[in-house]
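Residue strings, one per chain:
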Amino acid sequence: DLVSEFVWVRPPRSTKRFYVVDSRGKKCEVPPSCRVLWFDDRLKHGIFPVDDEGQVSIRIDGRFCAAFRERIRRDGTFAF
């Protein structure tokens, strides 16, 4: 059972933008207000050009339970 998931955390001051390409090939941009997201990283994904130096984000790899995924979805953060 291959699981390839991670949580991406962006500090409030960061202007780094993130996107995920869905199974239909549509580029889904993460809203700037989103500070935490979860998705299957086997999907094509990337960041937008960053205009400021020193932008940071934190990636946490793991296997996440359905309750955690639902909490991210429910709290209005991006889950794909």
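Residues numbered from 1 in each chain as written. Predicted model: local features only at pLDDT ≥ 70, side-chain atom pairs only at ≥ 80, totals over all residues. Heavy atoms only, no water.

Asks: Would you mind going over the nonpolar core with me for this structure?
Replies: The nonpolar side chains of soluble globular proteins are, as a tendency, buried together. Formed by F6, W8, F18, V20, V30, C34, L37 and F39, the largest nonpolar core amounts to eight residues. Among the secondary structure elements, those contributing two or more residues to this core are strand 1 (5-9), strand 2 (18-21) and strand 4 (36-40). (Core = buried A, V, L, I, M, F, W, Y, C linked by side-chain atoms within 4.5 Å. Buried < 20%, exposed > 50% of the residue type's maximum accessible area, 1.4 Å probe, protein only. Helix = DSSP H or I, 4+ residues; strand = E, 2+ residues; numbered from the N terminus.)

Asks: What am I meant to see in the pairing of strand 2 here?
Replies: Remark: a regular strand shows side chains that alternate across the two faces of the sheet. With burial as the criterion, each face of strand 2 is covered, one bearing F18 and V20 and the other bearing Y19 and V21. As paired elements, strand 2 and strand 3 (residues 27-29) share three bridges and run antiparallel to each other. Looking at strand 3, one finds that Y19 is bridged to E29. Here strand 2 folds back onto strand 3 in antiparallel fashion, the turn holding five residues, of which G25 has a positive phi close to 90°. (Pairing = 2+ DSSP bridges.)

Asks: Any chance you could explain the pattern of salt bridges here in plain terms?
Replies: Oppositely charged side chains can pair when the atoms bearing their charge come close. Taken as a whole and assessed by the stated rule, the structure comprises two salt bridges. A salt bridge links D61 to R59; the nearest nitrogen and oxygen atoms lie 2.8 Å apart. Among the residues examined, D61 registers a relative accessible area of 52% and is labelled exposed. (Salt bridge = Lys/Arg side-chain N within 4 Å of Asp/Glu carboxyl O.)

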